[in-house]
Amino acid sequence: MRRRVRKFTVASAQYAIGRPKSFDDYANRLAAKAEEAAGGGASLLMFPEYGAMELATLFGAEVEADLQGQIGALDELAPKVDALHLELAAKHGLHILAASLPVRVPERELPVNRARLFAPNGRHGHQDKIIMTRFEREEWAIGGGDGLSVFETDLGCIGVAICYDCEFPLLVRTMVEAGAELILIPSCTDTLRGHGRVRVGAMARALENQCYAVVSPTVGKAPWSPSVDINRGAAGVYGPPDIGFPETGIVAEGRFDEDMLLFAEINLDLVSEARRAGQVLNHQHWNEQPGADLWPIPPVRTVDLLSDEDYEAHSYV
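The rules behind these values
- Residues numbered from 1 in each chain as written.
- Predicted model: local features only at pLDDT ≥ 70, side-chain atom pairs only at ≥ 80, totals over all residues.
- Heavy atoms only, no water.
- Phe/Tyr/Trp six-rings, centres within 6.5 Å; stacked < 30°, edge-to-face > 60°.
- Helix = DSSP H or I, 4+ residues; strand = E, 2+ residues; numbered from the N terminus.
- Buried < 20%, exposed > 50% of the residue type's maximum accessible area, 1.4 Å probe, protein only.
- Axes fitted to C-alpha atoms, helices over the stretch in contact; angles between N-to-C directions.
- Parallel < 35°, antiparallel > 145°, perpendicular 65-115°, else oblique.
- Left-handed = near helix turned anticlockwise from the far one by under 90°.
- Contact = heavy atoms within 4.5 Å.
- Nonpolar A, V, L, I, M, F, W, Y, C, P; charged D, E, K, R; others polar.
- Polar contact = N/O pair within 3.5 Å; in protein donor to acceptor, adjacent residues only side chain to side chain.
- Salt bridge = Lys/Arg side-chain N within 4 Å of Asp/Glu carboxyl O.

### A look at the packing of aromatic side chains
Within this structure, the stated rule accounts for seven aromatic pairs. Each ring, one from Tyr 15 and one from Phe 47, has its centre 5.8 Å from the other, and the planes form 90 degrees; the classification is edge-to-face. With a gap of 32 residues between them, Tyr 15 in strand 1 (residues 7-16) and Phe 47 in the loop between strand 2 (44-46) and helix 2 (61-64) connect regions that are remote in the sequence. Here Tyr 15 and Phe 47 have matching classes, each one buried. Summarising the aromatic geometry, the rings of Phe 23 and Tyr 26 are spaced 5.6 Å apart at their centres and angled 50 degrees between planes, so their arrangement reads as tilted. One end of the pair is Phe 23 and the other is Tyr 26, both in helix 1 (residues 23-39) and three residues apart, which spans about a single turn.

Written as structure tokens, this is what we have:
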């Protein structure tokens, strides 16, 4: 029987980029994070944008110092990484948003930055970053994805806006129009300004859509890596500054630049109530903006990750 949970705990990782000595070393670290999240009562664990870039070190100094070489190496390793997340999700009863990584897809000329969401029942889906930063497009040659998804889960309808994407209102609004009440924002920024842009974007999206927005950043220094050498940030859980939520809209924030999990309660009933009878009704009044009627809502893929007695869990392909 399919079920929905309206109140649950999220664990957002402030993930320090490391230098694993082996894949088992990496797997053990992720297993410890999953165990900590489950032990803290979390139903959802999220990792940041490009957190998996630390795996480039497994291929030797020549690959780890080569931006393009990293892409090819991680693309080959991606199925093994995803199998690990499926195993951890099932073992701990967690929904896990895996750290994004660049992957090659047959229909795209350039690799994409892909985040993958795994449910404990074995179902999974992905969201590619849509809008590339200057570094991604000018130096790294990472391309944008070709569409948006929302994920129907036992924890409600979830959207994923990868880092820079959260700074563009129409991307997130498209997910919200498709039913999203929770937006996950995995990020990777190397300056306080970059962190500030993502934080402001997350808070703005939570305000205008009367929803939750959760940020998970990379932190720490990895001077060996040309892609994630400097990482600044703090995890955050944000909602609309309205009835039922903190007056600032800040539900929780982590300790800056520290490797840690940030735990916070998500109550989707508060989202429903704010949208129905808040002090302001941003979600309802969106279409009253001049020009809103000229915006054709693009199609959104709905990825079904709901539990189902008739559904047989399967491995990642």
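Read on for the rest.
### Topic: the packing of helix 5 (residues 169-177) against helix 6 (residues 192-209)
Helix 6 packs onto helix 5 with a crossing angle of 45 degrees between their chain directions and a minimal axis gap of 10 Å. Classified by the angle between their axes, helix 5 and helix 6 sit oblique to one another. By crossing handedness, the relation of helix 5 to helix 6 is classed as right-handed. Along its contact with helix 5, which presents Pro 169, Val 172, Arg 173 and Val 176, the element helix 6 presents Arg 205, Glu 208 and Asn 209. Residues belonging to the contact of helix 5 with helix 6 are distributed by class as follows: three nonpolar, one polar and three charged.

### Observations regarding the side chain of Glu 136
If you trace the backbone, Glu 136 turns up in helix 4 (residues 134-140). Judged by relative accessible area, which is 2%, Glu 136 ranks as buried. Looking at Glu 136, its side chain comes within polar contact range of the side chain of Lys 129, at 2.9 Å. When neighbours within four sequence positions are excluded, Glu 136 is seen to be in contact with Glu 49, Tyr 50, Asn 113, Lys 129, Ile 131, Ala 141 and Ile 142.

### Details of the pattern of salt bridges
Enumeration according to the criterion identifies 18 salt bridges in this entry. Between Arg 19 and Glu 64 there is a salt bridge whose closest N-O contact spans 2.4 Å. Taken together, the positions of Arg 19 in the loop between strand 1 and helix 1 and Glu 64 in helix 2 put the pair 45 residues apart, joining distant regions of the chain. Overall, the relative accessible area of 48% leaves Arg 19 in the partly exposed class. Put simply, Arg 276 and Glu 273 hold a salt bridge, and the shortest N to O gap is 2.7 Å. With Arg 276 and Glu 273 both in helix 7 (residues 268-277) and three residues apart, the pair spans about one turn of that helix.

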